[in-house]
Amino acid sequence: MMLPGLGPTALDDLASALEAGRLRAPFTRSAARRHVPEDMLDEVLRTLGELHGQSFTAAQTALVLRKLAGERRHRQQAADRVELVWSGPDAPGTSPRDTAVVIRGLCGAARRSVLIANYAFDRAREGEALLRARALWQPLADAMDARPGLSVRIFANVERRDDAQYAQLEASDWVNRFRSHFTNHLWPGQRRPVLYYDPRSLAPDPGDRAILHAKCIVVDDTQVFLTSANFTQAGQQRNLEAGLCLENPTLARDLTAQFDALVQTGALLPIHGDPRRPRNG
């Protein structure tokens, strides 16, 4: 990395000095000292000398420095948009954003696409616990029903249990059980998201199983939320969980591409069912 110790303001000042002729070859410590910190003199002089030795003019070197300054400003702006997100009790003197609030905001604001990866799902089937579980999904369900063009995909961990009473169940039975519970109990909307799972989680031999443990949300190929919290009432409102929310289109596209590639190779499979069919009941 060129001149890692100089921030964008110092790089712009150095570029201005070159453009105005206040700093010119042969570059000297006394001339450079007016524009850069003392501890950076040697590195700056070496870099300027190398560029001059490669036949860079003062204007060309200034252009390189201004481009470098712009990139560092962009990285700093991106870093400033990273927010700490938290579930559970807050520490004194801190004010991280609340996990449930962030998720509701992301889902409610989605216009084009939402990708969710989630490990655990609420198992409630009735009563107050089910109402709380459904409320977590309500903002996303409302967004889907209000915006027909909104595409929502959920990559889920489908769990296989080894209790004796389930010994006769095949992998397809567990997939159907998961789909039925999600669509008939947890999901509160008319349009349904497209569900995917990792078939390795359902291997008959427990030693061969793998779990889909990723927990993240990508919205409109721009917003990314990476978190330890599951899309459950406990994960969002009770457990101690930490996450980061950031606006980063490059990361959003890269993360989406990872899941897309696994779908294309068959490593992740769709949970069949018509996502357009209204929920019964």
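None of the values given here were measured: they were computed from a predicted structure. (Residues numbered from 1 in each chain as written. Predicted model: local features only at pLDDT ≥ 70, side-chain atom pairs only at ≥ 80, totals over all residues. Heavy atoms only, no water.)

Undergrad: Just to check I follow, could you spell out the nonpolar core for this structure?
TA: Side chains of a nonpolar character, in soluble globular proteins, are inclined to be buried together. By size, the foremost hydrophobic cluster in this structure holds 39 residues, and its most contacted members are Val114, Trp137 and Phe182. Looking at this core, the elements that each hand over two or more residues are helix H5 (99-109), strand S3 (113-118), helix H6 (127-146), strand S4 (151-156), helix H7 (171-186), strand S5 (194-197) and strand S6 (216-219). A total of eight residues in this core trace back to one element, the largest contributor, which is H6. Judged by nonpolar contacts, the second largest core, of 20 residues, contains Ala31, Leu41, Ala62 and Leu65. (Core = buried A, V, L, I, M, F, W, Y, C linked by side-chain atoms within 4.5 Å. Buried < 20%, exposed > 50% of the residue type's maximum accessible area, 1.4 Å probe, protein only. Helix = DSSP H or I, 4+ residues; strand = E, 2+ residues; numbered from the N terminus.)

Undergrad: I keep staring at the pairing of S3 and nothing clicks. Help me out?
TA: Successive side chains on a regular strand alternate, one facing one side of the sheet and the next facing the other. Counting buried residues in S3 gives five out of six residues, a clear majority hidden from the surface. By the bridge criterion, six bridges tie S3 to S4 in an arrangement that is parallel. Bridge pairing in S4 links Ile116 to Ile154. Bridge count for S3 against S6 is four bridges, and the pairing is antiparallel. Pairing of Leu115 across the sheet is with Val218, part of S6. (Pairing = 2+ DSSP bridges.)

Undergrad: How should I be thinking about the confidence of the model for the protein chain in this particular structure?
TA: Detailed reading of the predicted coordinates is not advisable wherever pLDDT is low. Summary statistics for the protein chain give a mean pLDDT of 90 and a share of 95% for residues scoring 70 or more. Within the model, the stretch residues 274-281 combines pLDDT values under 50 with 18 contacts to residues more than four positions away or in other chains. (pLDDT = per-residue confidence, 0-100. Contact = heavy atoms within 4.5 Å.)

Undergrad: Looking at this structure, I do not really get the layout of surface pockets. What am I missing?
TA: Rolled over the atoms, a probe sized like a water molecule indicates the empty space that remains. Reported here for the largest pocket is a volume of approximately 540 Å³. Partitioning the lining of the largest pocket into residue classes produces 11 nonpolar, four polar and eight charged. (1 Å grid on protein atoms, 1.4 Å probe; cavity = no way out; pocket = protein on both sides within 12 Å on 5 of 7 lines; lining within 4 Å. Points joined across faces, edges and corners; volume = space filled by probe spheres on them. Nonpolar A, V, L, I, M, F, W, Y, C, P; charged D, E, K, R; others polar.)

Undergrad: Even after reading the chapter, I still don't get the pattern of salt bridges, so can you show me in this structure?
TA: Opposite charge on two side chains allows them to pair when their charged atoms are near. For the structure shown, the criterion picks out 12 salt bridges. With its nearest N and O atoms 3.3 Å apart, the salt bridge here joins Glu38 to Arg29. A residue is classified by how much of its surface remains accessible, and Arg29, at 35% relative accessible area, is partly exposed. For the salt bridge of Arg153 with Asp260, the shortest nitrogen-to-oxygen distance reads 2.8 Å. Within this pair, whereas Arg153 is found in strand S4, its partner Asp260 is found in helix H9 (residues 249-264), the two being separated by 107 residues in sequence. For Asp260, a relative accessible area of 25% gives the class partly exposed. If you follow the salt bridges from partner to partner, you end up with Asp12, Glu19, Arg66 and Arg73 in one network. (Salt bridge = Lys/Arg side-chain N within 4 Å of Asp/Glu carboxyl O.)

Undergrad: Is there a simple way to think about the sheet that holds strand S8 (residues 241-247) in this case?
TA: Picture the strands of a sheet paired through backbone hydrogen bonds; they go either parallel or antiparallel. Read from one edge to the other, the open sheet built from nine strands follows the order S2-S1-S8-S7-S6-S3-S4-S5-S9, with strand pairing classed as mixed. Edge positions in the sheet fall to strand S2 (97-98) and strand S9 (269-271), since each of these pairs with one other strand and no more.

Undergrad: Would you explain the packing of aromatic side chains in this entry?
TA: Aromatic ring pairs: the centre-centre distance and the angle between the two ring planes describe each pair. Applying the stated criterion across every chain yields a total of 11 aromatic pairs. Considering the side-chain rings of Trp137 and Phe182, the 5.2 Å spacing of their centres and the 85° angle between planes classify their relative orientation as edge-to-face. In this pair, Trp137 sits in helix H6 while Phe182 sits in helix H7, placing the two residues 45 residues apart along the sequence. Accessibility classification places Trp137 together with Phe182 in one group, the buried group. Relative to Phe182, the ring of Phe178 has its centre 6.3 Å away and its plane inclined at 10°; by these criteria the two rings are stacked. Here Phe182 and Phe178 lie together in helix H7, a separation of four residues that amounts to about one turn. Of the two residues, Phe178 and Phe182, neither departs from the other in class, the shared state being buried. Among the aromatic residues, those joined into a ring-pair cluster are Phe121, Trp137, Phe178, Phe182, Trp187 and Phe231. (Phe/Tyr/Trp six-rings, centres within 6.5 Å; stacked < 30°, edge-to-face > 60°.)

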